[in-house]
Amino acid sequence: MFKRLISKLKKSPAVSDGQVQIISRNDHNISRDNISENALKVLYRLKKSGFEAYLVGGGVRDLLLDLNPKDFDVATNASPEQVNKLFRNSRLIGRRFRLVHVVYGRDVIEVATLRGHHDNAQGKQQSKTSDSGMLLRDNVYGTIDEDAVRRDFTINALYYDIKDFSVRSYAGGIQDIKRRNIRLIGDPETRYREDPVRMLRAVRFAAKLDFKIAAKTAEPINELAHLMSDVPAARLFDEVLKLFMAGYAQRTFELLEQYGLFGQLFPHSQQCIEENDFYRRLVMQALANSDERVAQGKTLTPAFLVSVFLWPCVLESQKTFEKQGMPPAAAYHQATSQVLSNQQTHTAIPRRFTDVVRNIWDMQRRLERRVKKHLESILTHPKFRAAYDFLLLREQAGEQLAGAGKWWTQYQRDNAHLVQQAKQQYQDRERIRERKPRSDRRPRRRNDSTN
Ligand code: ATP
Ligand code: MG
């Protein structure tokens with residue numbers, strides 16, 4: 001059905017940015033069966049209270065493509081305060097981009113009020129832009145037509161209307177889905193200046209959906225990549241997770257490099273990778289392994305990825321300190337501290353991850369040495385598995401470690417009871433940790449550019 005609609009649309013003339021196409025419920029493939037129960041609850045409650053309510057953005061895009069949406073976002077003409085009052089299980093978040101999270105256990109439905117034109121702003125409380133054109137505040141409310149042109153890409157300017165189950169497609173979004181095209185709404189340079197993270201989003205969607213970035217959308221990226229340095233480091237770390245943890249990390253990395261964006265996120269790593277092929281192999285192998293893990297439904301730890309990206313920097317810095325006359329162990333410690341603290345200025349890595357990164361690195365030498373009296377404590381270390389995977393990765397990338405990987409594989413087999421015991425202890429600890437609320441978990445936000 002969707003295919004028929006699409007072939008009809010494909011022949012239609014180009015659609016301007018503000019123009020809407022309404023696709024009735026019989027002409028698209030979105031069924032309520034594929035929308036999460038919680039998202040539907042939110043949509044219906046808003047509708048019943050007399051508000052407009054739409055499923056919006058990536059959720060609609062992915063459903064049209066027959067993919068499983070990662071999350072569901074809702075747009076409404078109710079103000080954040082009104083939404084907050086309607087749902088007891090909700091909280092207002094974000095100052096720069098105010099919105100509401102409706103919380104159902106682990107599932108969070110993000111509800112945003114339709115945004116309007118900034119010419120309609122009443123003072124800095126609602127709208128604020130930096131000298132370089134970056135949007136520091138985006139709280140001017142408006143109509144759905146106005147909201148659509150404030151979205152990033154045409155393929156995200158899609159709204160599923162709970163009133164009549166139609167899809168509203170703006171700026172030719174539905175045609176771009178068919179053409180597998182990532183296209184920014186409006187003037188690309190202005191839109192990147194408003195929010196440089198959109199450059200990362202272009203790459204992310206291209207990798208995730210296997211779409212092409214339209215020429216005019218791609219063109220300014222290399223030149224504007226440096227604007228990323230204006231984005232707060234905490235927001236960039238959130239983006240790094242989205243880029244590399246979703247199962248298409250390898251392709252994402254290639255595109256990031258091609259557009260000069262990886263060097264904005266991990267400048268020192270980029271330099272090392274360019275100078276030494278072993279480092280490139282290490283990173284590519286890690287990303288391939290990660291993607292495979294996701295495909296198999298296994299979990300990934302962000303710390304592992306960070307430890308890979310920064311390992312080349314540690315080795316290079318260690319060499320530099322040793323040349324200055326420092327003993328190897330001291331040079332290594334100095335290098336790890338320096339590398340981690342330098343990286344914090346680009347992507348703020350939360351402490352709970354840097355601790356694990358250090359563990360993974362520190363264990364490498366112990367794994368290589370295999371000192372007899374330490375073997376059991378290494379094997380039962382909570383981060384043994386990650387450190388062992390890292391060791392295997394180094395060997396896969398071509399490092400000669402005197403068969404240490406194979407040796408540890410065998411040692412685990414021979415001591416399966418210890419491995420099992422450690423695993424149990426780990427699971428018990430995790431269960432306790434899960435019960436505790438995490439104060440350092442950052443909510444997902446849009447345009448959250450100056451937190
Ligand atoms: P996914 O959830 O698969 O990562 P998504 O498109 O849903 O992709 P979200 O970050 O969940 O991305 O954002 C939801 C919607 O909000 C987007 O589809 C887009 O319409 C809008 N949006 C998000 N970030 C921006 C931004 N930086 N600029 C403009 N619009 C944005
Ligand atoms: Mg989403």
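Calculation rules
Residues numbered from 1 in each chain as written. Chains lettered and ligands numbered in written order. Predicted model: local features only at pLDDT ≥ 70, side-chain atom pairs only at ≥ 80, totals over all residues. Heavy atoms only, no water. Disulfide = S-S within 2.5 Å. Buried < 20%, exposed > 50% of the residue type's maximum accessible area, 1.4 Å probe, protein only. Salt bridge = Lys/Arg side-chain N within 4 Å of Asp/Glu carboxyl O. Helix = DSSP H or I, 4+ residues; strand = E, 2+ residues; numbered from the N terminus. Core = buried A, V, L, I, M, F, W, Y, C linked by side-chain atoms within 4.5 Å. Domains from an automatic or database assignment. Contact = heavy atoms within 4.5 Å. Axes fitted to C-alpha atoms, helices over the stretch in contact; angles between N-to-C directions. Parallel < 35°, antiparallel > 145°, perpendicular 65-115°, else oblique. Left-handed = near helix turned anticlockwise from the far one by under 90°. Nonpolar A, V, L, I, M, F, W, Y, C, P; charged D, E, K, R; others polar. Arc of directions from axis to C-beta. Phe/Tyr/Trp six-rings, centres within 6.5 Å; stacked < 30°, edge-to-face > 60°. Lys NZ or Arg CZ within 6 Å of the ring centre and 35° of its normal. Pairing = 2+ DSSP bridges.

J.: How should the state of the cysteines be read in this particular structure?
T.: A covalent bond between the sulfur atoms of two cysteines is what we call a disulfide. Applying the stated rule across the entire model yields zero disulfides. Free of any disulfide, Cys-313 has its nearest cysteine sulfur in Cys-272, 4.5 Å distant. Classification of Cys-313 as buried rests on a relative accessible area of 1%.

J.: Whenever I open this one, the pattern of salt bridges confuses me. Can you help?
T.: Charged atoms that come close allow side chains of opposite charge to pair. In the structure shown here, the tally under the stated rule is 25 salt bridges. A salt bridge links Arg-179 to Asp-176, with the nearest nitrogen and oxygen atoms 3.8 Å apart. Here Arg-179 pairs with Asp-176, and both are found in helix H6 (residues 173-179), just three residues apart, close to one helical turn. For Arg-179, a relative accessible area of 42% translates into the label partly exposed. Linking Asp-428 and Arg-431 is a salt bridge whose minimum nitrogen-to-oxygen distance equals 3.4 Å. Of the two residues, Asp-428 and Arg-431 are both situated in helix H22 (residues 416-435); the distance of three residues between them amounts to about one turn of the helix.

J.: Would you mind going over the nonpolar core with me for this structure?
T.: Soluble globular proteins: nonpolar side chains tend toward being buried together. Within the largest apolar cluster, 103 residues are counted, with the highest numbers of intra-cluster contacts made by Phe-244, Leu-261 and Trp-361. The greatest single-element share of this core, amounting to 11 residues, is contributed by helix H16 (residues 302-323). Counting contributing residues, this core receives three or more from each of domain 1 (2-186) and domain 2 (235-414). Sequence-distant contacts of Leu-261, that is, excluding residues within four places in its chain, are made with Met-199, Leu-200, Val-203, Ile-221, Ala-225, Met-228 and Leu-256. Met-363, Leu-375, Tyr-388 and Leu-418 belong to the second-largest nonpolar core, a separate cluster that totals 14 residues.

J.: Honestly, the packing of helix H15 (residues 277-295) against H16 in this entry has me stumped. Any pointers?
T.: Packed helix pairs are specified by the crossing angle of their axes together with the interaxial distance, meaning the distance between the axes. Two numbers describe how H15 lies on H16: the axes approach to 9 Å, and their chain directions differ by 165 degrees. In this view, H15 runs roughly antiparallel relative to H16, as classed from their interaxial angle. Considering the relative orientation of H15 and H16, their crossing is right-handed. Residues Tyr-279, Leu-282, Val-283, Ala-286, Leu-287 and Ser-290 of H15 lie in contact with H16, whose contacting residues are Leu-305, Val-308, Phe-309, Trp-311, Pro-312, Leu-315, Glu-316 and Lys-319. When its residues are assigned to classes, the contact of H15 with H16 shows 11 nonpolar, one polar and two charged.

J.: Any chance you could explain the domain arrangement of the protein chain here in plain terms?
T.: Interface size is often expressed as the accessible area that is lost when the parts come together. Each domain of the protein chain was delimited in the assignment, giving domain 1 (2-186) and domain 2 (235-414). Centre-to-centre separation of domain 1 and domain 2, based on C-alpha positions: 38 Å.

J.: Just checking my understanding: could you explain unusual backbone geometry for this structure?
T.: Among all residues except glycine, the phi angle is most often negative; among peptide bonds, the trans geometry is most common. Its identity as a non-glycine residue notwithstanding, Arg-370 has a phi of 55 degrees, on the positive side. Relative to the helices and strands, Arg-370 is located in the loop between helix H18 (351-369) and helix H19 (375-379). Positive phi outside glycine occurs at Ala-402, with the angle close to 50 degrees. Mapped onto the elements of the fold, Ala-402 is located in the loop between helix H20 (384-396) and helix H21 (404-414). The exposed category is assigned to Ala-402, whose relative accessible area is 68%.

J.: Please explain the environment of Ile-144 as it appears in this structure.
T.: Assignment of secondary structure puts Ile-144 in helix H5 (residues 144-150). Ile-144 sits in the buried class, given a relative accessible area of 7%. Along the primary structure Ile-144 and Met-245 are separated by 101 residues, whereas in three dimensions their C-alpha atoms are 32 Å apart.

J.: Hey, could you run me through the packing of H16 against H20 in this one?
T.: Closest axis-to-axis distance for the H16/H20 pair is 11 Å, and the angle between their directions is 40 degrees. Comparing the axis directions of H16 and H20 gives the class oblique. Taken as a pair, H16 and H20 cross one another with a handedness that is right-handed. Along the contact surface, H16 presents Phe-304, Ser-307, Val-308 and Trp-311, while H20 presents Ala-386, Asp-389, Phe-390, Leu-393 and Arg-394. Per-class residue counts for the contact of H16 with H20 are six nonpolar, one polar and two charged.

J.: In this structure, what is going on with H21? I would like to understand it.
T.: Each full turn of the α-helix corresponds to 3.6 residues, which orients residues three or four apart in the same direction. Taken as a whole, H21 has its buried residues at Ala-404, Gly-405, Trp-408, Tyr-411 and Gln-412. On an axial view of H21, the arc spanned by its buried residues comes to 125 degrees, and they lie on one face. Along H21, the residues that are exposed and aim more than 90 degrees away from the buried face are Lys-406, Arg-413 and Asp-414. Tucked inside the fold, the buried residues of H21 contact H18, H19, H20 and H22.

J.: It is not clear to me how the packing of aromatic side chains should be interpreted in this structure. Could you clarify?
T.: The geometry of an aromatic ring pair is captured by two quantities: the separation of the ring centres and the angle between the planes. Taken as a whole and assessed by the stated rule, the structure comprises 20 aromatic pairs. Arranged with centres 5.3 Å apart and planes meeting at 85 degrees, the rings of Trp-311 and Phe-390 form a pair that is edge-to-face. Pair noted here: Trp-311 is in helix H16 and Phe-390 is in helix H20, with a separation of 79 residues, a long-range link. Looking at Trp-311, the relative accessible area reads 5%, which means it is buried. Chaining the aromatic ring pairs together yields one cluster made of Phe-244, Phe-253, Phe-262, Phe-266 and Phe-309. Over the aromatic face of Phe-97 sits the side chain of Arg-115, whose NZ or CZ is 3.9 Å from the ring centroid. Above the plane of the ring of Phe-353 lies Arg-352, whose end atom (NZ or CZ) is 4.6 Å from the centre.

J.: Got a minute to help me understand the sheet that holds strand S4 (residues 90-93) in this structure?
T.: Sheet strands pair via backbone hydrogen bonds, and the direction of the pair is either parallel or antiparallel. Strand order in the open sheet formed by eight strands is S1-S10-S9-S2-S3-S6-S5-S4, with mixed pairing between adjacent strands. Two strands lie at the open edges of the sheet, namely strand S1 (20-23) and S4, each paired on one side alone. Between one strand axis and the next, the sheet turns by 30 degrees as a mean value, whatever way the strands run. Examined bridge by bridge, strand S2 (residues 53-56) and strand S9 (residues 158-161) share three bridges and lie antiparallel to one another. Paired with Tyr-54 across the bridge in S9 is Asp-161.

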